Every structure is written in C-alpha cells, then in structure tokens.
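# Observations on chain architecture
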Amino acid sequence: MDNISIDFLFVFFVAASSLYIFRKIGKVIGLVDKPNERKHHDGSIPLVGGVSICFTVVHYLYFNPVLDGYNNLFIASILILTLLGAIDDRFDVSFKFRILVQALISIVMIHYSGIMLSDLGNLFSLGDIELGWLGWPVTVIAVVGAINAFNMVDGIDGLLGGLSIVTFASVAVLMNWTGQEGKLYISLLFLVAIIPFIFLNLGIIGRERKVFMGDAGSMMIGFTVVWLLLGASQEQSVNTIRPVTCLWLIAIPLFDMASIVLRRLGRGHSPFYPDRDHIHHILQRFKFSDLKSLTIICGVAVILCGFGVIGEIYNVAEVVMFVAFIFTFIVYHLTLRQMCSLKPHTPLQ
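Okay, so let's go over this structure.

## Things to note about the overall build of the chain
A tally of helices and strands in the chain yields 13 helices and 2 strands. Its C-alpha atoms give the chain a radius of gyration of 19 Å, within 12% of the compact-globule value 20 Å for 349 residues. With respect to the three principal axes, the spread of C-alpha positions in the chain is 55 × 50 × 40 Å. Counting all 349 residues of the chain, 54% fall into the buried class.

Here's what the structure looks like:
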C-alpha cells in the first residue's frame, strides 16, 4: 500500500474517532440540535460533524502542508469559521455578524493569498471579461454567497455531506486532470473526512450515534469549496479550469439559494425570512421520504457536476456552458415555484 493510501486511511480513522469524542463533548456543553417547528427530528442531536471534520483537516495539514505559500492562512480561516459556526449553533449569532466575519475572512484571503475572481472567462464569445478593481468586492460577494449557499441547503440527513462529496469528488477529478496537486489533496482530504460523518448522520451504525453537521461544518465546507474553485480558475501559476465550470460544480446549492431568495422577494418577504421552502422541504411535502429526497437531489447534483467536468475536459464553448447553466436554473426555479403553488408554503410561526 502506497503512502497516499496510508495517509487517507489515517485521515478516515482520525475523523471517525474524533466524531465519537466530540459527540460526548457536544452533549456535555449543550452543542446539540433540539426539535422545533422547523426541525423535525427525534431527540437532541450533537452538532459536531463540522467540528470533527475541521479537527481532522487541520491535524493533517499542520503536519502535511500541501498548499504552498498559504497553508497556514487556510488553516486559520477554517478554524475561525468553524468556531463561529459552533458558537452560532450553541448560542444563535446574528446573521449580520456572521456575514461580517465571513466578509472579513474573504478580504484577508484575497490580501494574503492573492486569490480572487479577476477573470470571468469568455462567457459571451466577445473575449475574456476582466473585472479589474471590481475583483475585490465581487470575490467577497462570491465567497460569502458560497458559504451561505452550503449553509442554507443543509436540511435533511445526509444532504450537505452528500452534496459535498459530489462537489469535492468533481473538483478532485479536475485538479488531477490539470495537475493541481495541492488542491487535489485538499479535495480528497475533505472527501475522506466527510465519509465517517455520513455514516453517523444517516444512522447507518445506529440511530443513537446520530450527529449533525451544524453551521460550523456548512460554513467551513462552503468556504473550502469556493477557495479551491477560485484558486483552480484564477491562479496564473497553474493550469487553470474555466470559471464557468465552477458554477456547475456547486449548482444545487447556488440554485437552491437563488431560487428561494427570489420566491421570498416575490412574496414581499426578506431574503432571510425563515420558511420551509427549500428543495428538500418541497419534496417532503410531496410525500417523498428523506432518503428519496436525498437520492433525487444528490442524483441531480451528480448530473450537473458531471456536465461541468465533461464540458471542461472536452472544452465545450464557455458561452454554451454559461447559457446552459442559466437555462437550467430557470427550469429549476420555475419548477419549484410551480410546486410551491400546488402546496401552500409553510412559514415559520
């Protein structure tokens, strides 16, 4: 067995072991999710999946720095986001404060790593779209948006973990294809660290051992994905992928966030208005079980990510990829809006 396989076996062991330890700690300190009008589960479930994954990733990267030049910056960023998420899980932090911290971390990332969205690619067959000074604010918006897209999509057992595995696997394929070894390792590292969480989250080894990801995990994963995609598509020193491809790799979280914000605004509500109109909620109201909903959503994510990967590898024109992405979102949005109209939406009382 080669060293890489041994490394990732060790990562799996650390992730699995830390989950059991953090489960006990979570129960002691009250870091648990209790059922309410929006959360329909049995008993108090420890919100430690993200904490465990962060511990596993940081432990590995500390002893095996694979991100040349900004390994410590990445570690610090995910530690702060995980801590912020854990505090939010325990005490409910204002969304304005969370967004402020996310924006500040984005600015620090840009300043010290130089990674930012400066080139959108040739989306309209008129040449590459250079952002210039707009790259800073657009990057901050993109990072904060991605973090919250992954946060908002986390609603049923296995969904965030499943979507994360699909995305990280797709990123890994493209990083291997382009020879971006550091980002390939990060993708595989997260993928392996998430697998033990999936087993506990879905209750595969016993419902009594169930854990949830929590905001700590969703924010960390969203940040990591957007960091990888920005670096993979914007760094000048590597063989990059095209920016439009990145959209396809996180299509479901982006679609869900954009669609629900549009529907909330259409009803005259704030974009942050709490309701149960995410895609998994809608499927549940149409009598799909959690498992069927999970299978459908992750299956669609595989198809969309696969389209992005194939389009990148076979160099499908960027304008075609972009128009197809917008068309797919329109179909997604109109379909969910129609489903909502057939079944009354259920606001938080």
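## Structural notes on the pattern of salt bridges
As enumerated under the stated definition, the model contains 7 salt bridges in all. With a closest N to O distance of 2.5 Å, Glu235 and Lys183 form a salt bridge. With Glu235 in the loop between helix 8 (214-234) and helix 9 (243-249) and Lys183 in helix 7 (residues 181-201), the pair connects residues that are 52 residues apart, well separated along the chain. Of the two residues, Glu235 and Lys183, neither departs from the other in class, the shared state being buried. The salt bridge partner of Glu208 is Arg209, with a shortest N-O separation of 3.1 Å. Exposure remark for Glu208: the relative accessible area of 53% places this residue in the exposed category. A single network of salt bridges, built from pairs that share partners, joins Arg267, Asp277 and Arg285.

## A look at the side chain of His281
If you trace the backbone, His281 turns up in helix 11 (residues 279-285). For His281, a relative accessible area of 9% corresponds to the buried category. Sequence-distant contacts of His281, that is, excluding residues within four places in its chain, are made with Asp275 and Arg276.

## Observations concerning unusual backbone geometry
Within the chain, Lys287 stands out as a residue other than glycine whose phi angle is a positive 70 degrees. With respect to the helices and strands, Lys287 occurs in the loop between helix 11 and helix 12 (290-313).

Each value, and the rule that gives it
Positions within a chain are numbered from 1, following the residues in the order the chain's sequence is written. Under the rules for a predicted model, residues below a pLDDT of 70 receive no local features and side-chain atom pairs below 80 are neither given nor counted, while totals for whole chains, interfaces and linings still include all residues. Processing note: side-chain calculations cover all non-hydrogen atoms of the structure and skip hydrogens and water entirely. In DSSP terms, a helix is any run of H or I states spanning at least four residues, a strand is any run of E spanning at least two, and both are numbered starting from the N terminus. With the radius of gyration taken over C-alpha atoms, the globule rule is written as 2.2 Å times the number of residues to the power 0.38. Here's how the labels work: a residue is buried when its accessible area is under 20% of the maximum for its type, exposed when over 50%, partly exposed in between, all with a 1.4 Å probe on protein chains only. A side-chain nitrogen of Lys or Arg and a carboxyl oxygen of Asp or Glu constitute a salt bridge if their distance falls within 4 Å. The contact definition used throughout considers only heavy atoms, calling two residues in contact when any of these lie within 4.5 Å.

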